[in-house]
Amino acid sequence: MRREDSRYPADWLRVAEKDLNRAEHLLSVHDAEAAGFYLQQAVEKFLKAFLLSKGWKLERIHDLEALLNRVLRHDPLLEPFRAVCQKITAFYVIERYPAVTDDELTDEDVRQALGQVKALIEKLQADIRRS
């Protein structure tokens, strides 16, 4: 039997915040790949929580840019976050699939992306809590 995903924004927000804390913790122990993965998961869930708060029908999607495109219909001022969403989406792939190159994700890569996406996260949290 398949588990049904919650349609409540508050549930997604709670798990997004937990994933964000995990990403920050993993950075503190220098596990960049896992930190990047949890950062992607956190941003994905923040975006989904926002969309659910606007009546969106939940979709199984992990591409942050595609989710951002849906968010922009409600708040076009979030367009400047496109590049960081593209970057963080790649963190998901790095952790989930074997590498074909020797390029490694570094703590600095994840810290920089986290710094760039913090304003988006704060904006989404505030909007969801007002809903």
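Here the structure is shown first, and the text comes after it.
What comes next is a walk through the structure. (Residues numbered from 1 in each chain as written. Predicted model: local features only at pLDDT ≥ 70, side-chain atom pairs only at ≥ 80, totals over all residues. Heavy atoms only, no water.)

1. Examining helix α1 (residues 9-28)
To keep things clear, this is the line we draw: In this text, helices come from DSSP runs of H or I with a minimum length of four residues, and strands from runs of E with a minimum of two, each type numbered from the N-terminal end. One less than the number of residues in a helix, times 1.5 Å, gives the span that helix is expected to have. Categorising residues by exposure relies on relative accessible area from a 1.4 Å probe, with only protein chains included: less than 20% of the type maximum marks a residue as buried, more than 50% marks it as exposed, and the intermediate range marks it as partly exposed. Our arc is simply the arc of the directions from the helix axis toward the C-beta atoms.
Taking 1.5 Å per residue, 20 residues should reach 28 Å; α1 reaches 29 Å between its end C-alpha atoms and fits that length. Residues of α1 that are buried: P9, W12, L13, A16, D19, L20, A23, L26 and L27. Down the axis of α1, the smallest arc covering the buried residues is 145°, so these residues share one side. Backbone geometry just after α1 places H30 at a positive phi near 60°.

2. Here's the deal with the packing of aromatic side chains
We apply this condition: Here the aromatic set is Phe, Tyr and Trp, taking the six-membered ring for Trp, and pairing holds for ring centres within 6.5 Å; pairs whose planes are under 30 degrees apart are stacked, those over 60 apart are edge-to-face, and all others are tilted.
Going through the model one piece at a time under the given rule, you end up with two aromatic pairs. With centroids separated by 5.3 Å and ring planes inclined at 80°, the aromatic side chains of F37 and Y38 adopt a geometry described as edge-to-face. Exposure remark for F37: the relative accessible area of 13% places this residue in the buried category. By relative accessible area, which is 25% here, Y38 ends up partly exposed. The interplanar angle of 20° and the centroid separation of 5.7 Å between the aromatic rings of F37 and Y92 together place this pair among those described as stacked. Taken together, the residues span a long stretch of sequence, with F37 in helix α2 (residues 32-53) and Y92 in helix α4 (residues 82-96) at a distance of 55 residues. Here the aromatic cluster, defined as three or more aromatic residues joined through ring pairs, consists of F37, Y38 and Y92.

3. Focus: the packing of α2 against helix α5 (residues 107-130)
Applied cut-off: Fitting a line to C-alpha atoms yields each axis, with helices limited to the stretch in contact; the angle taken between N-to-C directions then spans 0 to 180 degrees. An angle below 35 degrees is read as roughly parallel, one above 145 as roughly antiparallel, one from 65 to 115 as roughly perpendicular, and any other as oblique. Note on convention: near helix rotated counterclockwise from far helix by under a right angle means a left-handed crossing. Clockwise means right-handed. Throughout, a residue-residue contact means that at least one pair of heavy atoms, one from each residue, lies within 4.5 Å.
Between α2 and α5, the shortest axis-to-axis distance is 10 Å and the interhelical angle comes to 20°. Taken together, the axes of α2 and α5 are roughly parallel relative to one another. Remark: the crossing between α2 and α5 carries left-handed chirality. Along its contact with α2, which presents A32, A35, G36, L39, V43, F46, L47, A49, F50 and S53, the element α5 presents D107, V110, A113, L114, V117, L120, I121, L124, Q125, D127 and I128.

4. Re the pattern of salt bridges
Quick reminder of the rule: Criterion for a salt bridge: a side-chain nitrogen of Lys or Arg within 4 Å of a carboxyl oxygen of Asp or Glu.
What the rule picks out here adds up to twelve salt bridges. Two residues, D19 and R22, come together in a salt bridge whose shortest N-O distance is 2.9 Å. With a gap of three residues between them, D19 and R22 both fall in helix α1, about one helical turn apart. Residue classification places R22 among the partly exposed residues on the basis of a relative accessible area of 35%. Salt-bridge contacts for R70 lead to E59; the nearest nitrogen and oxygen are separated by 3.2 Å. Of the two residues, R70 is situated in helix α3 (residues 64-72) and E59 in the loop between α2 and α3; the sequence distance between them amounts to eleven residues. Under the relative-accessibility criterion, R70 is labelled buried at 18%. By relative accessible area, E59 is classed as partly exposed at 31%. By sharing partners, the salt bridges in this structure join K54, D75, K123, D127 and R130 into a single network.

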